[in-house]
Amino acid sequence: MALVAALKRLAFNSLRGYSRRTVAVSGLTAHRSLTTVQPLRSENKVTVHFINRDGEKISVKASPGDTLLDVVINEDLDFDGFGACEGTLACSTCHLIFNEEVYKKLGPVTDEEMDMLDLAYGLTDTSRLGCQICLTKSLDGIVARVPESVADIRQTKDGSS
Amino acid sequence: MLFFKGIVVRGKALLSTCPKVCVVGGGPAGFYTAQHLIKARQDVQVDVYERLPVPFGLVRFGVAPDHPEVKNVINTFTQTAKHSRCSFYGNVNVGKDVSVAELLRSYHAVVLSYGAEGNRSVGVPGEHLSGVYSAKDFVGWYNGLPSCRELDPDLSCDTAVVLGQGNVALDVARILLSPLDILKKTDITQPALDALAASRVRSVWIVGRRGPMQVACTIKELREMVTLPGTRPEMTPSDFEGVKDALKDLPRPRKRLTELMVKTALERPGEKEQERWNSASRVWGFRFFRSPVEVLPDAEGKKVAAVRLAVNRLEGSGEGAQAVRSGDVEDVPCGLVISSIGYKSLPIDAAVPFDSRRAIVPNSMGRVQQVLGLYCSGWLKTGPTGVIATTMNNSFDTARSLMEDMDSGKLDVSAEKPGSLRIRALLEEKGVEPVVFSDWEKIDSLEVRRGEACGKPREKLLSVEEMLAVARS
C-alpha cells in the first residue's frame with residue numbers, strides 16, 4: 001500500500017517537473033523508500049558525515065548528484081521533521097550547518113534558497129538548505145551538522161528526554 | 001516498557017492496556033503531534049478527531065493556492081493517518097457531538113489541536129458594513145472552506161485596502177492581483193476563479209500601523225509581489241527615511257527583507273522591469289504608519305466607500321517600536337476592505353481552561369496545568385502565528401511532554417481505556433457517523449479527477465453535504 005502510494009507520488013512529482021526526486025518519508029515506514037536508480041559502482045560513492053541533534057556522528061555513502069536531503073531520506077536518517085516540503089524551497093527544515101572550509105566548497109546560494117534559509121532557527125553564516133546541495137566527488141567526506149530546530153527550554157533532569 | 005496484552009486486530013489493540021491518545025483537530029498540529037507520539041512509543045494508539053469531513057486544516061484551507069509546494073506536508077500527514085496505530089475520524093464536532101470530558105474518560109490523554117477559527121476584530125465603526133471582510137474568511141472563500149462558501153465578495157470596485165502587513169495580507173493582495181493564467185492552474189475554487197476573472201480591482205494598498213522595519217511578512221512573499229506579472233509596486237519614498245542607514249545593524253533576515261523594500265521603493269528599476277511596470281494594469285503598495293479608525297459608508301449607508309486612517313509616528317525602533325497617533329487622518333476611497341490582523345482561537349468546551357485575553361489554552365510546554373491528561377499543540381497553544389514548521393516544532397514539543405508524563409507515571413497508562421470504541425458508540429447514539437480516512441480518500445480521488453478535467457491539481461468539493469455524500473458512497 002505504501003509502495004503504491006510512493007510510486008504514485010513519484011510519478012506525480014515527475015509530472016510536476018522535479019526530476020531528481022526521491023520520495024519523502026516521515027520516518028514511520030518500516031521499509032526503505034523508493035530511490036531514483038543509480039549505478040552501484042563503489043568508486044562512484046561520496047561519503048557524508050552527519051552530526052545529529054544528539055551530537056552523534058552518522059556516516060553514510062551517497063552518489064554524486066544526490067542532494068543532502070536525498071541522502072537523509074535514502075538512508076532513513078531519523079532527523080525529526082527534516083525536509084517537510086520535500087525539497088521544494090517552501091520551508092527551512094532541511095537546515096544544515098557546515099564549517100567555513102566546507103561551506104566555501106558548496107557553491108553559490110540562490111536568492112530563492114536564501115529567502116527560505118532566512119527563516120531557519122539558529123541561522124549561521126555557514127548554513128545551507130540540504131535540498132539545494134548536490135553532491136560531487138569534491139565534497140567527499142564533508143561533515144554536516146543538523147541544528148536544533150527550536151529553542152530547547154526543556155531541562156532533562158535525569159538525562160532521559 | 002509496557003507489555004502488549006489483550007486482543008489485537010490488524011495491528012490495532014482493541015481491548016488492551018496500550019496507551020490511547022486522542023487528538024482534537026486534524027490540521028498540521030494534530031498530525032504532527034500524532035506522528036511524534038506514534039514514533040516515540042511502539043504501543044501508543046492515536047485517534048485524530050476533526051470537525052470537517054476532510055482533514056488537513058489550514059494546509060488545505062489557509063495556504064495560498066499558488067503555493068502548492070507548501071502543501072507537500074500532506075504526504076507526511078497521510079502516512080501518519082494510514083499508520084496502523086492511527087485512526088482519523090472526520091465529521092466529529094468535539095464540544096457538540098462529544099465533550100472533552102468524555103474524551104478524557106475514554107483516553108489516557110487528550111491533545112487539543114483545533115487551531116484558531118476566529119479572527120481579531122479591528123474594533124472600529126463601520127467594520128460590519130458590506131464590503132468589509134476578514135482575511136480568514138476571504139482566504140477561506142478562495143480555498144473552499146465550506147463555511148465561507150456564501151461570502152460572495154464584491155470585486156467590482158477599483159481599490160482594495162488590506163489591513164495588516166503579514167504573509168496572509170500579502171497572500172490576499174497577490175490573489176486579488178494575480179493574472180488569471182496563473183490562478184487557473186491552481187486548486188483555487190471555481191467560484192473564486194470566476195469572481196476574480198470578473199474582478200475590477202486594480203489597486204491594492206497594504207496598510208500597517210508601523211514602518212518598513214516592522215513588517216511581519218517574509219521576503220519570499222514580498223518578492224512574489226514585487227515580481228508579480230501585470231503589476232507595478234508603488235511605495236511612499238518618505239516612509240523610508242533613515243531606513244537605509246539602519247540596515248547595517250540588522251540581522252540578515254530582516255536586513256534582506258528591508259533591502260528589498262528599499263530597493264523597490266527608492267531605486268530606479270532595470271530596463272526590463274521598467275518596461276513591465278509601464279505596461280502594468282494593476283498597482284499595489286505598502287502604506288506605512290497608518291491605523292484604521294473608521295470604515296466610512298456610501299450614500300446609502302450599507303457599503304464601504306472609504307477607510308479613514310490615522311497617521312502615526314514611530315517611537316522607539318526595531319521590533320519594540322510603538323505607533324503613536326500624530327493627530328492627522330487620511331481617507332482612502334475603496335470598495336473592498338480586508339482585515340488581516342490575526343486569527344484567534346475560540347473556546348469549544350466549558351471544561352477546558354481558556355485565556356480569553358491571549359485567546360489560547362493556558363499551558364506549560366503543552367501541558368494544561370489544571371487538567372491532568374489534557375494537552376494542547378499548535379496555534380491553540382502558542383497563539384496564531386508561525387508557519388507550518390513552527391507548528392511542527394510546537395507539536396513535537398507537546399508530544400515530548402506527553403511522553404515524559406507517560407514515562408514518569410504522572411499519566412497512569414496501566415489502566416485500561418476504551419478509546420474510540422466508547423466514543424464511536426456515543427456518536428452512534430447521537431446519529432453522528434464519522435468519516436474515516438479511506439472515506440476521505442474517495443473525496444480526494446474525486447477532487448483530483450475533477451481537477452484533471454480542467455488542468456488543476458484538484459477541484460475541491462465546496463460543501464459538507466457533498467463531502468459526506470461522496471464519503472458514504
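Residues numbered from 1 in each chain as written. Chains lettered and ligands numbered in written order. Predicted model: local features only at pLDDT ≥ 70, side-chain atom pairs only at ≥ 80, totals over all residues. Heavy atoms only, no water.

### Comments concerning the pairing of strand S1 (residues 46–51) of chain A
Regular strands place side chains that alternate from one sheet face to the opposite one.
All names here are of chain A.
Here's step 1: Within S1, five of the six residues are buried, which leaves it mostly tucked inside the rest of the structure.
Here's step 2: Summarising the sheet, S1 and strand S2 (residues 57–62) pair through six bridges and their orientation is antiparallel. Across the sheet, residue Ile 51 finds its bridge partner in S2, namely Lys 57.
Here's step 3: Between the end of S1 and the start of S2, which pair antiparallel, lie five residues, with Gly 55 showing a positive phi angle near 85 degrees.
Here's step 4: Two elements, S1 and strand S5 (residues 142–145), share four bridges in a ladder whose sense is parallel. Counterpart to Ile 51 in the pairing with S5 is Arg 145. (Buried < 20%, exposed > 50% of the residue type's maximum accessible area, 1.4 Å probe, protein only. Helix = DSSP H or I, 4+ residues; strand = E, 2+ residues; numbered from the N terminus. Pairing = 2+ DSSP bridges.)

### Topic: the packing of aromatic side chains
Residue and element names in this part refer to chain B.
Here's step 1: On inspection of all chains with the given rule, the structure shows 20 aromatic pairs over all chains.
Here's step 2: Seen in terms of ring centroids, Phe 31 and Phe 88 are 6.4 Å apart; in terms of plane orientation they differ by 20 degrees. Their pairing is stacked. With Phe 31 in helix H1 (residues 28–40) and Phe 88 in strand S5 (residues 86–89), the pair connects residues that are 57 residues apart, well separated along the chain. Neither Phe 31 nor Phe 88 differs from the other in exposure class; each is buried.
Here's step 3: With 5.7 Å between their ring centres and 90 degrees between their planes, Phe 138 and Tyr 142 make a pair best called edge-to-face. (Phe/Tyr/Trp six-rings, centres within 6.5 Å; stacked < 30°, edge-to-face > 60°.)

### Side note on the pairing of strand S13 (residues 290–297) of chain B
Residues and elements named next belong to chain B.
Here's step 1: In terms of strand pairing, S13 meets strand S14 (residues 304–315) through seven bridges, oriented antiparallel. Bridge assignment links Pro 292 to a residue of S14, and that residue is Leu 309.
Here's step 2: The turn joining S13 and S14, which pair antiparallel and follow one another in sequence, is formed by six residues; a positive phi near 80 degrees is taken by Gly 301.

### A short note on the sheet that holds strand S12 (residues 282–287) of chain B
Residue and element names in this part refer to chain B.
Here's step 1: Ordered by their spatial adjacency, six strands build an open sheet running S8-S16-S9-S10-S12-S11, and the pairing between neighbours is parallel. The outermost strands of the open sheet, each flanked by one partner alone, are strand S8 (132–134) and strand S11 (231–233). On average, each strand axis in the sheet is tilted by 20 degrees relative to the strand beside it, whichever way the strands run.
Here's step 2: As paired elements, S8 and strand S16 (residues 336–339) share three bridges and run parallel to each other. Residue Tyr 133 lies in a different strand from S16, and its bridge partner there is Ile 338. (Axes fitted to C-alpha atoms, helices over the stretch in contact; angles between N-to-C directions.)

### Considering the packing of helix H16 (residues 437–452) of chain B against helix H17 (residues 464–472) of chain B
Residue and element names in this part refer to chain B.
Here's step 1: H17 packs onto H16 with a crossing angle of 110 degrees between their chain directions and a minimal axis gap of 8 Å. What the angle tells us is that H16 and H17 run roughly perpendicular. Relative to H17, the crossing made by H16 is right-handed. Contact with H16, carried on its side by Asp 439, Lys 442, Ile 443, Leu 446 and Arg 450, involves Glu 466, Met 467, Val 470, Ala 471 and Arg 472 of H17 and no other residues of that element.
Here's step 2: A breakdown of the residues in the contact of H16 with H17 according to their chemical character gives five nonpolar, no polar and five charged. (Parallel < 35°, antiparallel > 145°, perpendicular 65-115°, else oblique. Left-handed = near helix turned anticlockwise from the far one by under 90°. Contact = heavy atoms within 4.5 Å. Nonpolar A, V, L, I, M, F, W, Y, C, P; charged D, E, K, R; others polar.)

### A word on the interface of chain B and chain A
How large an interface is tends to be reported as the accessible area lost when its parts come together.
Here's step 1: Counting residues at the interface gives 31 residues for chain B and 32 residues for chain A.
Here's step 2: Considering only the side of chain B, the residues that lose the most area to chain A are Lys 39, Gln 79 and Arg 252 of chain B, jointly responsible for 22% of the buried surface there.
Here's step 3: Seen at the junction of chain B and chain A, the total is eight salt bridges.
Here's step 4: Linking chain B with chain A are eleven residue pairs in polar contact (both at pLDDT 80 or more), by the criterion used here.
Here's step 5: For the side of chain B that touches chain A, the elements supplying multiple residues, two or more each, are H1, helix H3 (73–81), helix H9 (219–226), helix H11 (252–266) and helix H14 (388–408) of chain B.
Here's step 6: Element by element, the count of residues in the side of chain B that touches chain A is highest for H14 of chain B, at eight residues.
Here's step 7: The residue inventory of the side of chain B that touches chain A, partitioned by class, reads ten nonpolar, eleven polar and ten charged. (Buried area = accessible area lost by both parts, 1.4 Å probe. Salt bridge = Lys/Arg side-chain N within 4 Å of Asp/Glu carboxyl O. Polar contact = N/O pair within 3.5 Å; in protein donor to acceptor, adjacent residues only side chain to side chain.)

### Quick notes on the confidence of the model for chain B
Atomic detail in the predicted coordinates should be set aside for any region of low pLDDT.
Residues and elements named next belong to chain B.
Here's step 1: The share of residues in chain B with pLDDT of 70 or more is 97%, and the mean pLDDT across the chain is 95.
Here's step 2: pLDDT under 50 marks residues 1–6. Its contacts with residues more than four places away, or in other chains, come to 15 contacts.
Here's step 3: Quick note on the complex model: pTM equals 0.90, ipTM equals 0.89. (pLDDT = per-residue confidence, 0-100.)

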